[in-house]
Amino acid sequence: MTPAVLAVDAGQTEIRAALADQGRGPQDGGRAQTATAPGVLRMGRRVGPDEVGAGLLAAVVALGPLPEPVPPVGVGLSGFEAAADEDLHRVGELLRRELAVERLAIASDGLTSLLGALGDRDGAVVAAGTGTVCVARRGERLVKVDGWGALLGDAGSGFAIGRAGLDAALRHADGRGGSEALLRAAERRYAPLPELSERIYAAPVPTRAIAAFAVDVAREAAAGDANAVAILDEAGCELALTTFAALGRLFEPDVPATVSYAGNVFRCGALLLEPFTRSLVERRPPTEVVPPAGDSLAGAAVLAASQRGLRAQPGILWTAS
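Basis of the calculations
Residues numbered from 1 in each chain as written. Predicted model: local features only at pLDDT ≥ 70, side-chain atom pairs only at ≥ 80, totals over all residues. Heavy atoms only, no water. Helix = DSSP H or I, 4+ residues; strand = E, 2+ residues; numbered from the N terminus. Rg over C-alpha atoms; globule rule 2.2 N^0.38 Å. Contact = heavy atoms within 4.5 Å. Core = buried A, V, L, I, M, F, W, Y, C linked by side-chain atoms within 4.5 Å. Buried < 20%, exposed > 50% of the residue type's maximum accessible area, 1.4 Å probe, protein only. Pairing = 2+ DSSP bridges. Axes fitted to C-alpha atoms, helices over the stretch in contact; angles between N-to-C directions. Patch = residues over 30% accessible without salt bridge, like charges linked within 9 Å, V, L, I, M, F, W, Y side chains within 5 Å. Areas by Shrake-Rupley, 256 points an atom, 1.4 Å probe, with all protein chains shown as cover. Salt bridge = Lys/Arg side-chain N within 4 Å of Asp/Glu carboxyl O. Parallel < 35°, antiparallel > 145°, perpendicular 65-115°, else oblique. Left-handed = near helix turned anticlockwise from the far one by under 90°. Nonpolar A, V, L, I, M, F, W, Y, C, P; charged D, E, K, R; others polar.

**Q** So what exactly am I meant to see when it comes to the overall build of the protein chain here?
**A** Looking only at helices and strands, the protein chain has 11 helices and 11 strands in total. Its C-alpha atoms give the protein chain a radius of gyration of 20 Å, near enough to 20 Å, the size a compact globule of 321 residues would have. Seen along its three principal axes, the alpha-carbon backbone of the protein chain occupies a region of about 65 × 50 × 35 Å. Of all intrachain contacts in the protein chain linking residues separated by at least 6 positions in sequence, the fraction that spans at least 24 positions is 68%.

Set out below in C-alpha cells:
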C-alpha cells in the first residue's frame, strides 16, 4: 500500500486539508480525501499560535479518523513570513501533541505553491491570494520576496486589487473620476451608499472583506470597464516585479529560469496573466512562464513526503522530525 501524507494549505480565506497518497495529490492522479475550515489570520499581537493551531486542527479533524500511526504532515501557512520562531514552535508542538505525529514541516505558502507548481525544478512561483509572496529556489537555496502583509506589502494581491477597485468606486461617488461600474458592484456586494464604507470597516476581518472585491473587479474588467482593466494590468505588473526581484537574488540575468504562479488572483484570467507574463519577460528575457502543475495543497503533500533537499530557513521553512 502506498504510504499516506497529511497536507494542509492554510490560506487567509480558507484552510484545506487532504489525506493523500505520498507526494501525490488530486492534480497528479493521487487519491485524496479533503476537508475545509475557515481561514487563518497572520500570527501577531491579535492572533496567537494557539488560535492558528486550532484553525489547522479544525480542518484536519474535518477529515475524520486518521490512519495510525498518523502520516507525515506538511503545512503551507499564509503569513508564515511574519511569524516569530517561538510561535511556529508552539504551533508545531500543538499539532504534534494533538495529532500524535512524528514528522512535521510548516512552510510559507509560497514554498508549498512552488513545490506544487514546479515540483523538483528550480525557478520561482508567485502566490497571490488575499496576500502575495514569491519564493524562488536554486538547488538548496531559497529566497522570499514580499509577504509583508496588507499594510506594508502584498503588491498585486487580492487585497491590493480589491482596495484599488473600492478606491475607484468611491472616487466616482465623490466626483473625482473613478468608475461607475465599480461603484455599482461595490454597492451590490457590501451596501448602498452611505453605508458601504461602514459595512467594510465593521467586517470581522476587513482585509478579507476588501480582498473579496477582487472578484468584482475582474468581472467588470471582463465587461470592459477601463478602470478595472487598468487595475488588473497594474496588479500583473506588480507581481512580475516581485518575481523578477526573487529571481535576481538567485539567478544571473542571462541564466534561463522557469516561473509559475498560484492563488485565486490568477483566476482573474488573461487580463492579469498577460501583463504579468509580458512584464516579466520584458525585464528578464530568458524566463519561461508555465502553468502550475499543481496548487499549494499539492505542494504541502510534497513537503510532507520529503523536504526534497530543502533545509529549514527563517521566513520560509520550519521542520520538526
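**Q** Before we go on, may I ask you to explain the nonpolar core in this structure?
**A** Here is a general trend for soluble globular proteins: nonpolar side chains tend to be buried in one another's company. Formed by 45 residues in total, the largest nonpolar core has its most connected members in I161, L272 and F276. When residues of this core are assigned to their parent elements, the largest contribution, 8 residues, is made by helix α9 (residues 226-248). The contacts of L272, once residues within four sequence positions are left out, are I161, L232, A235, G236, L239, V265 and F266. Counting residues in each nonpolar core, the second largest holds 33 residues, with L6, A35, L56 and V70 among its members.

**Q** I keep staring at the sheet that holds strand β6 (residues 123-128) and nothing clicks. Help me out?
**A** Hydrogen bonds between backbone atoms are what pair the strands of a sheet, whose relative direction is either parallel or antiparallel. In spatial order, the strands read β8-β7-β6-β9-β10; together these 5 strands make up an open sheet with mixed pairing. Whereas interior strands pair on both sides, the edge strands pair on one side only; in this sheet they are β8 (141-146) and β10 (287-289). Pairs of neighbouring strands in the sheet enclose a mean axial angle of 20 degrees, with direction left out of account. Of the strand pairs in this sheet, strand β7 (residues 132-138) and β8 are connected by 6 bridges, and their pairing is antiparallel. Looking at the pairing, C134 lines up with V145 of β8. Packed onto the sheet, α9 meets β6, β7, β8, β9 (257-262) and β10 and runs at close to 145 degrees relative to β6.

**Q** Help me out: how do you make sense of a nonpolar patch on the surface in this one?
**A** There is a patch of nonpolar side chains on the surface, built from W148, L151 and L152 and spanning about 460 Å² of accessible area. As for its position among the elements, L152 is in the loop between β8 and α4 (158-174).

**Q** Explanation requested: the environment of L182 in the structure shown.
**A** Within the secondary structure, L182 is located in helix α5 (residues 180-189). You can call L182 buried: its relative accessible area is 0%. In the structure, L182 is positioned 15 residues away from D167 in sequence and 9.2 Å away in space, judged by C-alpha atoms. For L182, the residues in contact, after removing those within four places along its chain, are G165, A168, A169, F213, D216, V217, E220, D225, N227, A228 and I231.

**Q** When you look at the packing of helix α8 (residues 214-222) against α9 in this model, what are you seeing that I'm missing?
**A** Packed helices, taken two at a time, are described by the angle their axes make and the gap between the axes. The geometry of α8 relative to α9 is characterised by a closest axis approach of 7 Å and an angle of 120 degrees between their N-to-C directions. Compared by their axis directions, α8 and α9 come out oblique. As for the relative orientation of α8 and α9, their crossing is left-handed in sense. Counting all contacts with α8, which are made through V217, A218, E220 and A221, the residues of α9 involved are A228, V229, I231 and L232. When the residues that make up the contact of α8 with α9 are grouped by side-chain class, the tally is 7 nonpolar, no polar and 1 charged.

**Q** Explanation requested: the environment of L241 in the structure shown.
**A** Examined against the element boundaries, L241 turns out to sit in helix α9. Residue classification places L241 among the partly exposed residues on the basis of a relative accessible area of 36%. Taking the C-alpha atoms as reference points, L241 and R283, 42 residues apart in sequence, are found 8.4 Å from one another.

**Q** Which parts of the structure should I look at to understand the pattern of salt bridges?
**A** Where charged atoms from two side chains of opposite charge approach closely, those side chains can pair. Summed over the entire model, instances satisfying the criterion amount to 16 salt bridges. One continuous salt-bridge network, built from bridges that share partners, spans D9, R16 and D295.

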